[in-house]
Amino acid sequence: MSRTARAPLMTLDAALADLLGRVQALDGEETVPTFEADGRVLAEDLVSALQVPPHDNASMDGYALRVADVREASQVLPVSQRIAAGHMGEALQPGTCARIFTGAPLPEGADAVVMQEDTTEVGGDIHAVHIHAMPEPGQWVRRAGEDVRRGAVVLARGERLSPASLGLAASLGRAQVRVVRRPRVALFSTGDELVMPGEVAPEAMPPGAIYNANRFFLRTLLQRMGCEVSDLGIVPDRRDATLAALKTAADHHDLILTSGGVSVGEEDHVKPSVQQLGSLDLWQIGMKPGKPFAYGSVRRDGGAGSASGQSCHFIGLPGNPVSSFVTFLLLVRPFLLKLRGVPAQRILALPHAIQLPAHFVVSRADKRREFLRVRRNASGGLDLFPNQSSGVLTSMAWGDGLVDNPAGATIAHGDLVSFIPFAELLA
Ligand code: AMP
Ligand code: MG
């Protein structure tokens, strides 16, 4: 891993390709209630055992009839039956029509529905209607199977379930679905300066101490990504403590995610500890913020209850909160999608950017590809958070996305820039 001072850093694209090449889908599966499957990844093809809708049915309240029976405008047809949703009618007698309601099965013989608004009831004893508009065959009819054909693969293995797909699964009669198991992730923060909110009041903070902010967004992001999180808290900046934490975590998890301690100082124990217990395969990326990102693996002891496989994935995020957050979104997120069984060709590591005008200026180009915290403004442009330091977490909370600015590029007011909304990175 030695690198001369001038050696170029690995690009983000190369790091992403490398990272995704090192992770395979988890092999465990489980069956969960459809109600609880939001965000989970399907481990089966969902094949329809029926057609949806099951019958040709009316898409309007009105009258079902045979088009051939309407020979003139204002044709009068007797109403021979009444069919509400959930009830089957009789075969339609020629020369008559059926009162019908939205969702009700079309009676045999009918080939169109005339909407109620295009009819008037005939007064008197006989129950009949005037049909004012000449119907077209098939009008206001929803065809059996027009949503789903019997035997069709409606949702494929590897698909991430959304509220819409849960509804679709339910429309096939599925109360349960087979999904990939959740990844088990051990999370720990490093840094002797860290204290937990709630344990020490702001006015009692010892000199040099700061609150552990990373633990809060990292745990939440992991949970949003469908992970089972073991939060191991804060590990002190000592080699023995770091080694012990890594060793214990490796046995029972798919991924160890840490923040801090992966830079170049003597107090950065995470990187050398991973090298001692396994291997460090990726370190330092040409991006800003987020340069100290590290990927590797930690060997498992293979003791009782140990997870399958020889080693546990390791990802070390930078300690600076913005760097930690941005590298999670850009690198850990696609890594987790692959681990969770989403096929590689369906993982958009960097969501498609939207081109929007910059309502700000970046006059000094950076050597690294930079991800700027910005916010859409009311005039359709982007405002830049004034302090882009990697320690300023306010920029992440204020912003609603990142501008992906190529290495060496300046930005003039009005330039079109590539905007990636957080909404896409948090989905
Ligand atoms: P490190 O990567 O450990 O050198 O940390 C870089 C910077 O991030 C230092 O200023 C740390 O104090 C800060 N930092 C590290 N971990 C956290 C954390 N969990 N919450 C807030 N700031 C942190
Ligand atoms: Mg540190």
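See the structure printed just above.
Scoring rules and cut-offs
Residues numbered from 1 in each chain as written. Chains lettered and ligands numbered in written order. Predicted model: local features only at pLDDT ≥ 70, side-chain atom pairs only at ≥ 80, totals over all residues. Heavy atoms only, no water. Core = buried A, V, L, I, M, F, W, Y, C linked by side-chain atoms within 4.5 Å. Buried < 20%, exposed > 50% of the residue type's maximum accessible area, 1.4 Å probe, protein only. Helix = DSSP H or I, 4+ residues; strand = E, 2+ residues; numbered from the N terminus. Contact = heavy atoms within 4.5 Å. Near = heavy atom within 4 Å. Polar contact = N/O pair within 3.5 Å; in protein donor to acceptor, adjacent residues only side chain to side chain. Nonpolar A, V, L, I, M, F, W, Y, C, P; charged D, E, K, R; others polar. Pairing = 2+ DSSP bridges. Axes fitted to C-alpha atoms, helices over the stretch in contact; angles between N-to-C directions.

1. Things to note about the nonpolar core
- In this structure, Leu 257, Phe 328 and Leu 336 are the most contacted members of the largest nonpolar core, which totals 49 residues.
- Breaking this core down by element, the ones donating at least two residues are helix H1 (12-21), strand E13 (184-190), helix H3 (214-224), strand E17 (255-259), strand E21 (311-317), helix H6 (321-339) and helix H8 (422-425).
- By residue number, the principal contributor to this core is H6, which donates twelve residues.
- Leu 257 has contacts with Val 185, Ala 186, Leu 187, Phe 188, Leu 218, Leu 222, Ile 315, Leu 317, Phe 328 and Val 332, leaving out every residue within four places of it along the chain.
- Within the second largest apolar cluster, 20 residues are counted, among which are Ala 241, Leu 246, Ile 256 and Ala 294.

2. Here's the deal with the site of ligand 1
- In the vicinity of ligand 1 there are 15 residues, among which Glu 193, Asn 212, Ala 213, Gly 261 and Gly 319 approach most closely.
- Gly 261 places a polar main-chain atom, nitrogen or oxygen, 2.9 Å from an oxygen atom of ligand 1.
- In this structure, an oxygen atom belonging to ligand 1 sits 3.1 Å away from a main-chain N or O atom of Gly 319.
- Of the residues that constitute the shell around ligand 1, the class distribution is five nonpolar, eight polar and two charged.

3. Considerations on the environment of Ala 104
- Note on placement: Ala 104 falls in the loop between strand E6 (97-100) and strand E7 (112-115).
- Each C-alpha atom of the pair Ala 104 and Arg 375 lies 49 Å from the other, and the pair is 271 residues apart in sequence.
- Those residues in contact with Ala 104 that sit more than four places away from it in its chain are Asp 56, Asn 57, Ala 58, Ile 83, Ala 84 and Ala 85.

4. Structural notes on the sheet that holds E17
- Strand order across the open sheet formed by six strands is E16-E13-E17-E21-E20-E18, with mixed pairing between neighbours. Strands with a single pairing partner mark the edges of an open sheet, and in this sheet they are strand E16 (228-235) and strand E18 (278-283). When strand polarity is set aside, the average angle formed by the axes of neighbouring strands in this sheet is 20°.
- Where E17 lies against E21, five bridges are found, and the strand directions are parallel. Note on E21: the bridge partner recorded for Thr 258 is Gly 316.
- In this fold helix H5 (residues 270-277) packs onto E13, E17, E18, strand E20 (294-299) and E21, with an angle of close to 130° to the strand it touches most, E18.

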